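Summary of the model geometry
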Amino acid sequence: SEVFIIPGLQEEERAAVQKRSDQVLRALQGLHVQAKQAPVIAVLGSGGGLRAHIAYLGVLSELRRQGLLDAVTYLAGVSGSTWAMSSFYAKDGNTEDIEAELKRRFDQREWDWRRSLEETVRSARTLENYSLTDFWAYLVVSKQTRELQDSHLSSMKTCVDEGMMPYPIFAAIDNDLHAAWQKEKSQKTWFEFTPHHAGYPALRAYVAATHFGSQFTEGRMVRQEPERDLTFLRGLWGSALASLEEIKKFIWDQLSSLTVEGDAGEPDHSWMTEVIQNWSQISPEEQEQFLEHPTFGDYFTFLLKTGICCFKWEWGTTHNFLHKHGDIEDLAMHSRELLHLVDAGFAINTPYPLVLPPVRHVHLILSFDFSAGDPFETIRATADYCQQHGIPFPPVGEPELQECSRAPRSCHILRGAGGPVVMHFPLFNTDSCGDEIQSWMDRYGTFQLADSYSVDMVTQLLEVSKKNVEINKMNILREIKNVAR
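Sequence positions are assigned chain by chain, starting from 1 and proceeding in written order. Note on the predicted model: pLDDT of at least 70 is required for a residue's local features to be given, and 80 or more for side-chain atom pairs to be given and counted; whole-chain, interface and lining totals, by contrast, use all residues. In computing side-chain values, all of the structure's heavy atoms are included and hydrogens and water are not.

A closer look at the confidence of the model for the protein chain
For clarity, the threshold we go by: Summary of the metric used: pLDDT quantifies the predictor's per-residue confidence within the range 0 to 100. Pairs of residues are marked as contacts when any of their non-hydrogen atoms sit within 4.5 Å.
For the protein chain, per-residue confidence averages 89 on the pLDDT scale, and 91% of positions sit at 70 or higher. Per-residue pLDDT stays below 50 along residues 260–269; that stretch engages in five contacts with residues further than four places along the chain or on separate chains.

What to know about the packing of aromatic side chains
To keep things clear, this is the line we draw: Here is the rule: rings of Phe, Tyr and Trp (six-membered ring for Trp) pair when centre to centre is within 6.5 Å. Planes less than 30 degrees apart are stacked, more than 60 are edge-to-face, and the remainder are tilted. Numbering goes from the N terminus for both helices and strands, where a helix is a DSSP run of H or I of at least four residues and a strand is a run of E of at least two. Think of it in three bands: residues with accessible area under 20% of the maximum for their type are buried, residues over 50% are exposed, and the middle band is partly exposed, with areas taken using a 1.4 Å probe on protein chains only.
Within the structure shown, the criterion is met by 23 aromatic pairs. When the ring of Tyr74 is compared with that of Tyr167, the centres are 6.1 Å apart and the planes differ by 90 degrees; the resulting orientation is edge-to-face. Of this pair, Tyr74 sits in strand β3 (residues 74–77) while Tyr167 sits in strand β4 (residues 167–174), placing them 93 residues apart in sequence. Tyr167 gets classed as buried once you look at its relative accessible area, which sits at 2%. Taken together, a centroid distance of 4.9 Å and an interplanar angle of 80 degrees make the contact between Phe191 and Tyr200 edge-to-face.

So, the pattern of salt bridges
Basically, it comes down to this: Salt bridge criterion: a side-chain nitrogen from Lys or Arg within 4 Å of a carboxyl oxygen from Asp or Glu.
Per the counting criterion, the structure on display carries 30 salt bridges. The partner of Glu2 in a salt bridge is Arg220, with the nearest N and O atoms 2.0 Å apart. Residue Glu2 is found in the segment before β1 (4–5), and its partner Arg220 is found in strand β9 (residues 220–223); the two are separated by 218 residues along the sequence. Take Arg220: its relative accessible area is 43%, and that puts it in the partly exposed class. For Asp134, the salt bridge goes to Arg228, with nearest N and O atoms at 2.7 Å. With Asp134 in helix α6 (residues 132–145) and Arg228 in the loop between β9 and α9 (230–237), this residue pair connects regions lying 94 residues apart in the sequence. One exposure class covers both Asp134 and Arg228, and it is buried. Linked through salt bridges whose partners overlap, the residues forming this network are Lys91, Glu101, Arg105, Glu147 and Arg234.

Section: the nonpolar core
Rule in force here: Nonpolar cores are built from buried Ala, Val, Leu, Ile, Met, Phe, Trp, Tyr and Cys residues. Side-chain atoms within 4.5 Å join them into one set.
By size, the foremost hydrophobic cluster in this structure holds 143 residues, and its most contacted members are Phe191 and Phe193. Considering each element in turn, this core owes the most residues, nine residues, to helix α2 (residues 49–65). Setting aside its immediate chain neighbours within four residues, Phe193 contacts Leu153, Pro168, Ile169, Phe170, Ala172, Ala198, Phe212, Leu233, Leu236, Trp237 and Leu341.

Notes on the pairing of strand β12 (residues 364–369)
For the record, the criterion: Pairing between strands requires that DSSP locate at least two bridges from one strand to the other.
The buried count for β12 comes to six of six residues, which makes it a mostly enclosed element. Covered by surrounding structure in β12 are Leu364, Leu366 and Phe368 together with Ile365, Ser367 and Asp369, the residues of both alternating faces. Pairing of strand β2 (residues 41–45) with β12 involves five bridges; the strand directions are parallel. Pairing of Ala42 across the sheet is with Ile365, part of β12.

Re the state of the cysteines
The line we're drawing: Note on terminology: pairs of cysteine sulfur atoms within 2.5 Å are recorded as disulfides.
Under the definition given, this model contains zero disulfides. Cys310 carries a free sulfur, and the closest cysteine sulfur to it, the one in Cys309, is 8.7 Å from it.

Shown next, in the form of structure tokens:
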């Protein structure tokens, strides 16, 4: 029920990582790697919508098959990769079952549309901080992944506390600080979720994962809210699927179709558009009276609230747990009652800023890039971020990055005098795709809807992502041996 300001790792994470170290040492023995102390290895997955979701599942499956996953301490993701991670932990890491279920869902075009709509309407009816993230989570992400996950982030504690699985870190950013990010790459922009906590690593300020979304004042909880399910969190973590214009058009199109389908008579809903556009001019009392009017049903409450959020472009609304906290000197952070958390891909499309802080002592990073366009843009952005904040990161030169981008191999290794060794794996590369990289990229677009994915496309994407791990097993083992020394 309190906010925690902690200079190092939270005790729960420290204990889980220590347990994991014992597992890592046993795994290294099985891989014939000698180590007195377990090196800290982190696997990162970038964003990329459904492409990232499927490809990251393939990566995790092949890492497990090759005996490498048990040597990993941290598993982190952004956007579509967080969808894969949530499925991975929900199934206790059983990659065979995860793959079989994934193929079945896409083969049968499975999606419970009615339940998704019911969950969205319920959120609009019951939540004070309803936003576009709720709509996106239950009606878009659930359709993209073809599943609703009613389990919770805190339910992952069971497997990670015993060290049986890598410690997961899910990335988001504070959208209210996005201007500061664009100007100065502010570290405070980044927000992380783990099975134990949620908060700002730069401020070392957290609340328990079970209390994320509850209301806090002066560091104490004043109103507890139920823990949000993984379906909602998937929507929060994965909301940067395309350009702003494309997303706006998509949401308005979806709202229009729901409005028409909601009434067989197809009435004129221009009144709703007018109310939405003039909503900010209505007093709070009139707004409340309008929404609570007995003739105004839950379904139209949902449509109206979603339309208002779309007009205001409001995402990821939640209570600010640092509101009026005495140990927070930042005026903006201290005074805000609400936060707006969104996809970390709007900053850097991979979670480097969450594993690079010295407190996590990461020695080796396996970075799997599922981005659209230049597969080295995340490296470029991370190097710039680290340079601005004095964080050790292997040096990279622009001419070298441009050359790598023209013909990306399956693995690029970056080393420096300080900081971790980075192994960067572009999804589509010359080793696995030959000279057909562009055709692969065109086939799996970032904002490509699940309806266009056949089970063959799912299978082929799994296979190409697995191949990147398989052909680089010896390279990975070599780097593990180096850091183990």
